[in-house]
Every structure is written in structure tokens, then in C-alpha cells.
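# Breakdown of the fold
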Amino acid sequence: MSAAERVPVAVLISGRGSNMGALVAASQEPDFPARIVCVISDKADAAGLAHAREQGIEAVAVPRRDYPSKAEHEAAVIATIEASGARIIALAGYMRLLSADFVRRYAGRMINIHPSLLPAFPGLATHERALAAGCRVHGCTVHFVTEGMDEGPIIEQEAIRVVPDDTADTLAARVLAAEHRIYPRALAMLARGEVRMGSGGRTVHKVPSGD
Ligand code: GAR
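The text that follows walks through the structure, step by step, so that each part is easy to find. (Residues numbered from 1 in each chain as written. Predicted model: local features only at pLDDT ≥ 70, side-chain atom pairs only at ≥ 80, totals over all residues. Heavy atoms only, no water.)

With that settled, consider the site of the ligand. Contacts to the ligand come from Arg16, Gly17, Ser18, Asn19, Gly93, Met95, Ile113, His114, Pro115, Asp150 and Glu179. For the ligand, an oxygen atom lies 2.7 Å from a polar atom in the backbone of Gly17. Between the ligand and Asp150 there is a distance of 3.3 Å, counted from a nitrogen atom to a side-chain nitrogen or oxygen. The set of elements that each furnish at least two residues to the shell around the ligand consists of α1 (18-27) and β5 (110-114). Considered class by class, the residues forming the shell around the ligand number three nonpolar, five polar and three charged. (Near = heavy atom within 4 Å. Polar contact = N/O pair within 3.5 Å; in protein donor to acceptor, adjacent residues only side chain to side chain. Helix = DSSP H or I, 4+ residues; strand = E, 2+ residues; numbered from the N terminus. Nonpolar A, V, L, I, M, F, W, Y, C, P; charged D, E, K, R; others polar.)

Now the structure itself:
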């Protein structure tokens, strides 16, 4: 697939960027339908920025503290996205709630990865909460971004088994491995037009996922 045929994607991060790395690795496969054109972090010291640069990808810090208001910060993020030519926005550990205007602007074109089987455990400390609730399964979700936090239509999920000796750390490690599997798959589905954000809080799958 030529570069021109692949959908350009901007990835927004706040830290480690391992999911961003998984997307970049997948996009280096010859038949992957998307290419990562820009990585944006709201933290100047995000480790993921250096990793992206090593891969030859434009990596830009847009630190929140450099802007007097949330609106001005978001305007700078949007300007960076637009300059990159990205058509899809992938949030990958971007730990800042986006405004309704931002979300509306990219409705149906912005996706997020979350470390739980949504709608269970939106928000933080998902592994601790899954353990405290006695869950026998846990997992991760890729969903379209809507105005509510961790709420949008689900595109892809993977469940993992909780085992008796699990701690939040061991669970987090297995969930993260699953995140790295489902995020590239979900991005590819969106880039190929196999899914779209439907009305009523559901994703419309044009092609059955087969599993
Ligand atoms: C990932 O576990 C991701 O699911 C989570 O932050 C981590 C980022 O790790 N995102 C959220 O909790 C969003 N609600 P990474 O920087 O190594 O990809």
C-alpha cells in the first residue's frame, strides 16, 4: 500500500507511549492502512516523544503550562494536528479530558484506548478496581471519543483472565500486552472504513469481525 493510500494519523500521548509505539510498529507493515504522521504530547518530558523521533516521526510537545487557558492549549494542539494533515486522531495515554468543541471537531475520527472492559471501570486505577471488585476477567477497550470520559462507542476489546495471585502490576502488564494487540487492529478497522460511529452510542461494523 503506497503512502498516499494510507490514512494519516496523529497520536496524542502524555507519557510512556507504549501504545503509540505499537501503532507505529503496525504502521510499518506494508499492508497497514494508516501511517503515523505526528505524535503530540501535552508533557514536554514524555518518553514517547523520543521514541517517535527515533522512528523518524514528527514529535511535538505542546505543554499545557505554556498556555494561559485550556482553550488556548487545545487550539495549539488542533493547529499541530491540522498542520500534520492527520485525518484520524488516536489518543494513546493522553491523560487530559478534551473539551466538547475539540471532541465535536473530530467526531467519528478520534479514538482512545482504555485499560478496562468498558463500560466497567472508566477513569483511573482500573486494575486496582477490577481486583477489588473480584473480577474474574478484565481487559481493554478501544472506543470512539465522545464528550463523556471513557464513554464512546466500543470498537474493539480483549478480555484477559484474572488469576489468584494477580496484583495491579501483573494485571496491568497482561492488559498492556492486549492493548498493544487491539489498538493497531482497531485503527486499521477505522482507516479501512470497516467501522463508523453510529447513533445511539454504538459502533456500526460494516465487516463482521469474525471472532
Ligand atoms: C495505557 O494503559 C492506556 O490504556 C491508559 O494509559 C496507559 C498509557 O500507556 N489510558 C487511559 O487510562 C485513558 N483513560 P502508554 O503511554 O504506555 O501507551
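Now that the structure has been shown, we can carry on.
A word on the pattern of salt bridges. For the structure shown, the criterion picks out eight salt bridges. A salt bridge links Glu147 to Arg104, with the nearest nitrogen and oxygen atoms 3.1 Å apart. Separated by 43 residues along the polypeptide, Glu147 in the loop between β6 (137-144) and β7 (154-161) and Arg104 in helix α4 (residues 100-105) bring together distant segments of the chain. You can call Glu147 partly exposed: its relative accessible area is 46%. The salt bridge involving Glu156 is made with Arg185; its shortest N-O contact spans 3.0 Å. Residue Glu156 is located in strand β7, and its partner Arg185 is located in helix α6 (residues 168-191); the two are separated by 29 residues in the primary sequence. If you follow the salt bridges from partner to partner, you end up with Asp101, Arg104 and Glu147 in one network. (Salt bridge = Lys/Arg side-chain N within 4 Å of Asp/Glu carboxyl O. Buried < 20%, exposed > 50% of the residue type's maximum accessible area, 1.4 Å probe, protein only.)

This next bit is on the pairing of β6. Across the eight residues of β6, seven count as buried, placing the element largely inside the fold. Note that β5 and β6 share four bridges and pair antiparallel. Looking across to β6, one finds that His114 is bridged to Thr141. Relative to β7, β6 runs antiparallel, the two being bridged by seven bridges. Across the sheet, residue Cys140 finds its bridge partner in β7, namely Glu158. (Pairing = 2+ DSSP bridges.)

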